[in-house]
Amino acid sequence: TYEGNYDSFITYYDDSIREKLLREHMITNAMKRAVDEKQFVIYYQPKFDLNSECVIGAEALVRWKHPEFGFLSPGEFIPIFEKNGFISELDYYVWDCVCQKIASWVETGHSLMPISVNVSRVDLYNPKLPQLLFDLINKYKIPIQYLHLEITESAYTDNAKQMIDIVNEIRKIGFVIEMDDFGTGYSSLNMLSDLPIEILKLDMSFLRNNVGRSSGRSVIQFVINLAKWLGLFVVAEGVETQEQAIFLRNMGCDYAQGYYYSKPVDDSDFEKLLLETHLCVMI
Ligand code: C2E
Ligand code: MG
Ligand code: MG
Ligand code: MG
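Residues numbered from 1 in each chain as written. Chains lettered and ligands numbered in written order. Predicted model: local features only at pLDDT ≥ 70, side-chain atom pairs only at ≥ 80, totals over all residues. Heavy atoms only, no water.

> Where do I start with the packing of helix α4 (residues 129-139) against helix α5 (residues 160-173) in this structure?
The interhelical angle for the contact between α4 and α5, taken along N-to-C directions, is 25°, at an axis separation of 9 Å. Overall, the two elements α4 and α5 adopt an arrangement that is roughly parallel. Read as a crossing pair, α4 and α5 show a hand that is right-handed. Only I166, E169, I170 and I173 of α5 make contact with α4, whose side of the interface consists of L129, P130, L133 and F134. The class makeup of the residues in the contact of α4 with α5 is seven nonpolar, no polar and one charged. (Axes fitted to C-alpha atoms, helices over the stretch in contact; angles between N-to-C directions. Helix = DSSP H or I, 4+ residues; strand = E, 2+ residues; numbered from the N terminus. Parallel < 35°, antiparallel > 145°, perpendicular 65-115°, else oblique. Left-handed = near helix turned anticlockwise from the far one by under 90°. Contact = heavy atoms within 4.5 Å. Nonpolar A, V, L, I, M, F, W, Y, C, P; charged D, E, K, R; others polar.)

As structure tokens, then:
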């Protein structure tokens, strides 16, 4: 620890970097077997209609249960996988599992609603992505409207033209595209006109920082109005209290996702939840 001594500060700094690198190394080594050993599991977090309070869809979120290191958070391993390239393999694995699940739900007459999967910014620069997704829904013979794709603002960078073409191709095939984490990047407004988005997901930090102040509330109202004006549906992420839900509903926000309604749950709990909760006609 730092004790007013420059040397010990350096040591402390080195230690924390070393620890981070060691952990990254550990994760990189462990990931190779993780898919085969079924250590990655998928949780589902329902999205609710703010007015009727019924479920209109859900987001699939990956979890890593390592036999030795325990539960690892996507916030930690996804950025590492985006650096070392493994993310494409993991994402494809997640999409495949989700499609298989949807197919089983269609078969058992369980529920018919869209499940959104996350698509890394790395995937969005792969020209084979549209075909890959198309093949996937054909493989499981699921109607295309049941698989939504969440893409993030951060994908829209340097070489955006290539990514814009790929996303447009995916939209042309018929997939619904959701813009994830909206409000955290810098290029938000150009992106809205460049990309064929149908649903805007307001990032939870955006909500956290703004609800308390009147100027902040105006910003949220503006973004919701803008989305409406562009003909987009709006989902608020990270809704934790009834106050937030009421606030968002009054602002004209359509849907919400967050702990107030439900945490992400495993597939069997999700199926139970579907049986108990009222389902709406989907978007
Ligand atoms: P995201 O796509 O924005 O997902 C929403 C995150 O917010 C999830 O974190 C979810 O558990 C969390 N969350 C939901 N409601 C609340 C709430 O009321 N309060 C708070 N504090 N948090 C809430 P999670 O599951 O840890 O995932 C983190 C991020 O990791 C995701 O953010 C997404 O960017 C990424 N991710 C997760 N699964 C995948 C995947 O299969 N592929 C890719 N490429 N990325 C994934
Ligand atoms: Mg997401
Ligand atoms: Mg999100
Ligand atoms: Mg987010």
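> What should I look at first to understand the pairing of strand β2 (residues 55-66) in this one?
Regular strands show a simple pattern: their side chains alternate between the two faces of the sheet. Of all twelve residues making up β2, eleven are buried, and the element is well covered by its neighbours. Between the antiparallel neighbours strand β1 (residues 40-49) and β2 lie five residues, among them E53 with a positive phi of about 60°. Pairing between β2 and strand β4 (residues 115-119): two bridges, direction parallel. For E59, the partnering residue across the bridge sits in β4 and is S116. (Buried < 20%, exposed > 50% of the residue type's maximum accessible area, 1.4 Å probe, protein only. Pairing = 2+ DSSP bridges.)

> What should I look at first to understand the coordination of the magnesium ion (ligand 2) in this one?
In an ideal octahedron of six donors the angles at the metal are 90 or 180 degrees, and in an ideal tetrahedron of four donors they are 109.5 degrees. Bound to the magnesium ion (ligand 2) are the protein donor atoms E59 (OE), N118 (OD1), E150 (OE) and D180 (OD), situated 2.0 to 2.3 Å from the metal. The motif formed by the donor residues of the magnesium ion (ligand 2), counted along the single chain, is E-x58-N-x31-E-x29-D. Between the two metal centres, the magnesium ion (ligand 2) and the magnesium ion (ligand 3), the spacing is 3.5 Å, with D180 acting as a shared donor. With N118 in strand β4 and E150 in strand β5 (residues 147-152), this residue pair connects regions lying 32 residues apart in the sequence. (Donors = N, O, S within 2.8 Å, 3.2 Å for Na, K, Ca; no water.)

> Is there a simple way to explain helix α10 (residues 267-276) in this structure?
The periodicity of an α-helix, 3.6 residues per turn, causes residues three or four positions apart to be oriented the same way. The complete set of buried residues in α10 reads F270, E271, L273 and L274. When α10 is viewed along its axis, its buried side chains cluster within an angular range of 160° and face the same direction. Exposed residues on α10 whose side chains face more than 90 degrees from its buried face are L275 and E276. Contacts from the buried residues of α10 go to β1, β2, α3 (87-108) and β4. (Arc of directions from axis to C-beta.)

> In this structure, what is going on with the pattern of salt bridges? I would like to understand it.
Pairing between side chains becomes possible if they bear opposite charge and their charged atoms approach one another. A complete count under the given rule lists 17 salt bridges for this structure. E24 is the partner of K83 in a salt bridge, and the nearest nitrogen-oxygen pair spans 2.8 Å. Taken together, the residues K83 in helix α2 (residues 74-84) and E24 in helix α1 (residues 6-34) connect sequence positions 59 residues apart. Here K201 ties to E150 by a salt bridge, and the two come within 2.7 Å at their closest N and O atoms. Residue K201 is located in strand β7 (residues 199-202), and its partner E150 is located in strand β5; the two are separated by 51 residues in the primary sequence. Exposure class is identical for K201 and E150. Each is buried. (Salt bridge = Lys/Arg side-chain N within 4 Å of Asp/Glu carboxyl O.)

> Please explain the coordination of the magnesium ion (ligand 3) as it appears in this structure.
Within the protein, D180 (OD) and E237 (OE) serve as the donor atoms for the magnesium ion (ligand 3), at 1.7 to 2.0 Å. D180 sits in the buried class, given a relative accessible area of 4%. Exposure remark for E237: the relative accessible area of 8% places this residue in the buried category.

> What am I meant to see in the site of ligand 1 here?
Close to ligand 1 lie 24 residues, the nearest being R63, D91, D180, E240 and Y259. At a separation of 3.0 Å, a nitrogen atom of ligand 1 approaches a polar side-chain atom of Q45. One nitrogen or oxygen atom from the side chain of N118 is found 3.0 Å from an oxygen atom belonging to ligand 1. For ligand 1, whose accessible area on its own is 800 Å², the fraction buried by protein is 82%. Every element with two or more residues in the shell around ligand 1 is listed here: β2, α2, α3, β6 (176-182) and α7 (204-210). A per-element tally of the shell around ligand 1 places β2 first, with four residues. Here the shell around ligand 1 is built from residues that sort into ten nonpolar, five polar and nine charged. (Near = heavy atom within 4 Å. Polar contact = N/O pair within 3.5 Å; in protein donor to acceptor, adjacent residues only side chain to side chain. Areas by Shrake-Rupley, 256 points an atom, 1.4 Å probe, with all protein chains shown as cover.)

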